[in-house]
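Descriptive structure summary
The lines below spell out each chain.
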Amino acid sequence: MNNLIFDHNRVILCHFDNYSAALVFARFGSSILAPTPLPESSSPMPIPGDIAGHHDPEAVLDALAAQFSLNSAQLNLDEHFQAWMVSDGTPIRVHLVRFTTLDAPHQSIESFGGSFKPISEMRKMPMIELNLMRQVFNQIMSVG
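Report follows, based on the coordinates. (Residues numbered from 1 in each chain as written. Predicted model: local features only at pLDDT ≥ 70, side-chain atom pairs only at ≥ 80, totals over all residues. Heavy atoms only, no water.)

1. Describing the overall build of the protein
Within the protein one finds four helices and eight strands. Walking the protein from its N terminus toward its C terminus, one meets helices and strands in the order α-β-β-β-β-α-β-β-β-α-β-α. Taken over C-alpha atoms, the radius of gyration comes to 14 Å for the protein, in line with the 15 Å a tight globule of 144 residues would show. On the principal axes, the C-alpha backbone points of the protein span a range of 40 × 30 × 30 Å. (Helix = DSSP H or I, 4+ residues; strand = E, 2+ residues; numbered from the N terminus. Rg over C-alpha atoms; globule rule 2.2 N^0.38 Å.)

This is the structure in structure tokens:
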């Protein structure tokens with residue numbers, strides 16, 4: 001079931017420290033998208049009119065928590081973030097999940113080959129992901 005969910009969804013994991021206003025993204029190799037990067041043929045698309053059940057945010061959050069052994073009580077799905085990509089005619093929804101822990105859970109992400117990085121250390125990322133990070137940054141900084 002998880003594989004089918006992640007055929008149609010990706011997740012950006014981040015942590016925002018309200019006190020210091022530090023925003024960091026979980027980076028896995030050369031991508032900020034979990035569990036896998038977007039296909040190379042991906043491009044942005046408008047929000048589709050008919051959103052099928054395989055883009056359900058709660059199901060994606062549950063699958064991600066299970067795959068990465070994360071405590072779902074420490075995760076907050078940002079329902080206001082909307083990013084859609086298309087690859088070979090298949091819509092892919094990009095979800096934003098924020099850790100609610102006091103500090104970014106470095107060890108949880110490191111155990112899956114990831115690390116937390118600020119946007120300033122992401123310059124060599126694919127342009128499509130840099131644009132997604134900018135969307136996340138703008139959204140979080142406007143809401144807090």
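After that view, the rundown keeps rolling.
2. Examining the environment of H8
Tracing the chain through its elements places H8 in the loop between helix 1 (2-7) and strand 1 (9-17). For H8, a relative accessible area of 15% puts it in the buried group. In this structure, the C-alpha to C-alpha distance between H8 and V86, residues 78 residues apart in sequence, is 9.4 Å. The residues touching H8, leaving out its near neighbours within four places in the chain, are H54, H55, T90, P91, I92 and R93. (Buried < 20%, exposed > 50% of the residue type's maximum accessible area, 1.4 Å probe, protein only. Contact = heavy atoms within 4.5 Å.)

3. Quick look at the pairing of strand 1
Within strand 1, eight of the nine residues are buried, which leaves it mostly tucked inside the rest of the structure. Sheet topology note: the strand 1/strand 3 (residues 33-34) ladder contains two bridges and is antiparallel. Paired with V11 across the strands is A34, a residue of strand 3. Pairing of strand 1 with strand 2 (residues 22-28), which is carried by four bridges, proceeds in the antiparallel orientation. Paired with H15 across the strands is V24, a residue of strand 2. What sits between strand 1 and strand 2 in their antiparallel hairpin is a turn of four residues, with A21 showing a positive phi close to 60°. (Pairing = 2+ DSSP bridges.)

4. Observations regarding a negative patch on the surface
Residues D56, E58, D62 and E79 make up a contiguous surface patch of negative charge. Mapped onto the fold, D62 is located in helix 2 (residues 57-67). (Patch = residues over 30% accessible without salt bridge, like charges linked within 9 Å, V, L, I, M, F, W, Y side chains within 5 Å. Areas by Shrake-Rupley, 256 points an atom, 1.4 Å probe, with all protein chains shown as cover. Salt bridge = Lys/Arg side-chain N within 4 Å of Asp/Glu carboxyl O. Lys, Arg positive; Asp, Glu negative; His and termini not counted. Charge placed at Lys NZ, Arg CZ, Asp CG, Glu CD.)

5. Notes on the environment of S87
Considering the arrangement of structural elements, one finds S87 in strand 6 (residues 83-87). S87 gets classed as buried once you look at its relative accessible area, which sits at 6%. Measuring from C-alpha to C-alpha, the distance between S87 and M45 comes to 9.7 Å, with 42 residues separating the pair along the chain. Those residues in contact with S87 that sit more than four places away from it in its chain are P39, S41, S42 and I92. A distance of 2.7 Å separates polar atoms of two side chains, one belonging to S87 and the other to S41. (Polar contact = N/O pair within 3.5 Å; in protein donor to acceptor, adjacent residues only side chain to side chain.)

6. Observations regarding unusual backbone geometry
A cis amide bond, omega -5°, links A34 with the succeeding residue P35. Within the secondary structure, P35 sits in the loop between strand 3 and strand 4 (43-44). Of note, the phi angle at D88 is positive, near 50°, even though the residue is not glycine. Given the relative accessible area of 73%, D88 is considered exposed.

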